[in-house]
Amino acid sequence: MLKMFIDRLEWGLEKSAALMCLVLLACLFVEVLTRYVFFTSIPEIQFIVPFCFLWMVMFGTAIAVRKGTHFDVDFIQKMLGGRAQKYHRYAMLMIVAIGGLIIAWSSISFAELGLLKKNPSTGIRMIYIYASLLIGGLLIALMALEQLFSDPEEPTASLDDLLEANKTDLSVEDLK
């Protein structure tokens, strides 16, 4: 049940991050165009760009933690064998979960400041941007804890596995 919830959450985070990336690119394009061609600026874009950027980064970090493509030094893990490798995985996931909680905890006062502070160009409260650190930290911790309590024998698709699978799917006819 929890795995299904986390799967849906990850799906939503991926789609949200992709949408924010597109909005970010469109806003940057419009900002450059309006500033250097029309010699004006749209104040709302100065709020949308950091909003999309921070939320996209925090969602992407949480997704990377779940997929195991985060802060781990795989060189060390590959040198270890058997139980040591298992304990290394647990230690790394605990460190990442604690790191996520530290990010969330330390951003509480920052989020409270966002309730008071407004964007100078639009007047919109900064909580909408600052809350990304709090929510992102909690998502990082959640994804790390989910991986910590999941079955380590369950196959996870690493980047190397995905690249290898794509190589085997290609045939000579596909290249023509």
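Anything mentioned here points back to the structure above.
Remember, predicted model here, so these are calculated numbers, not experimental data.

A.B. asks: Would you mind going over the overall build of the protein chain with me for this structure?
C.D. replies: When its secondary structure is counted, the protein chain shows eight helices and zero strands. When the helices and strands of the protein chain are placed in sequence order, the string is α-α-α-α-α-α-α-α. Burial analysis of the protein chain (176 residues in total) assigns 30% to the buried set. In the protein chain, of all internal contacts separated by at least 6 residues, the share reaching a separation of at least 24 is 70%. If you sum the accessible surface of the protein chain, you get close to 11800 Å²; carbon and sulfur atoms cover 70% of it.

A.B. asks: Looking at this structure, I do not really get a nonpolar patch on the surface. What am I missing?
C.D. replies: The grouping of Phe29, Val30, Val32, Leu33, Tyr36, Val37 and Phe38 at the surface amounts to a nonpolar patch, some 700 Å² of accessible area in total. Counting through the fold element by element, phenylalanine 38 comes out in the loop between helix 1 (2-36) and helix 2 (45-67).

A.B. asks: Sorry if this is basic, but what is going on with helix 2 here?
C.D. replies: At 3.6 residues per turn, the α-helix brings residues three or four places apart onto the same side. Between its first and last C-alpha, helix 2 extends 32 Å over 23 residues, near the 33 Å set by a 1.5 Å rise per residue. One or two residues past the end of helix 2 sits glycine 68, with phi positive at roughly 80°.

A.B. asks: How should the packing of aromatic side chains be read in this particular structure?
C.D. replies: Aromatic ring pairs are defined here through the distance separating the ring centres and the angle between the ring planes. One pass over the full model with this rule turns up four aromatic pairs. Between phenylalanine 110 and tyrosine 130, the ring centres sit 4.1 Å apart and the planes meet at 25°, which makes this aromatic pair stacked. With phenylalanine 110 in helix 5 (residues 108-116) and tyrosine 130 in helix 6 (residues 127-149), this residue pair connects regions lying 20 residues apart in the sequence. Of the residues examined, tyrosine 130 reaches a relative accessible area of 9% and is grouped as buried. Aromatic ring contacts, followed pair by pair, group Phe47, Phe51, Trp55 and Phe59 into a single cluster.

Criteria and cut-off values
- Residues numbered from 1 in each chain as written.
- Predicted model: local features only at pLDDT ≥ 70, side-chain atom pairs only at ≥ 80, totals over all residues.
- Heavy atoms only, no water.
- Helix = DSSP H or I, 4+ residues; strand = E, 2+ residues; numbered from the N terminus.
- Buried < 20%, exposed > 50% of the residue type's maximum accessible area, 1.4 Å probe, protein only.
- Contact = heavy atoms within 4.5 Å.
- Areas by Shrake-Rupley, 256 points an atom, 1.4 Å probe, with all protein chains shown as cover.
- Patch = residues over 30% accessible without salt bridge, like charges linked within 9 Å, V, L, I, M, F, W, Y side chains within 5 Å.
- Salt bridge = Lys/Arg side-chain N within 4 Å of Asp/Glu carboxyl O.
- Expected span 1.5 Å × (residues − 1).
- Phe/Tyr/Trp six-rings, centres within 6.5 Å; stacked < 30°, edge-to-face > 60°.

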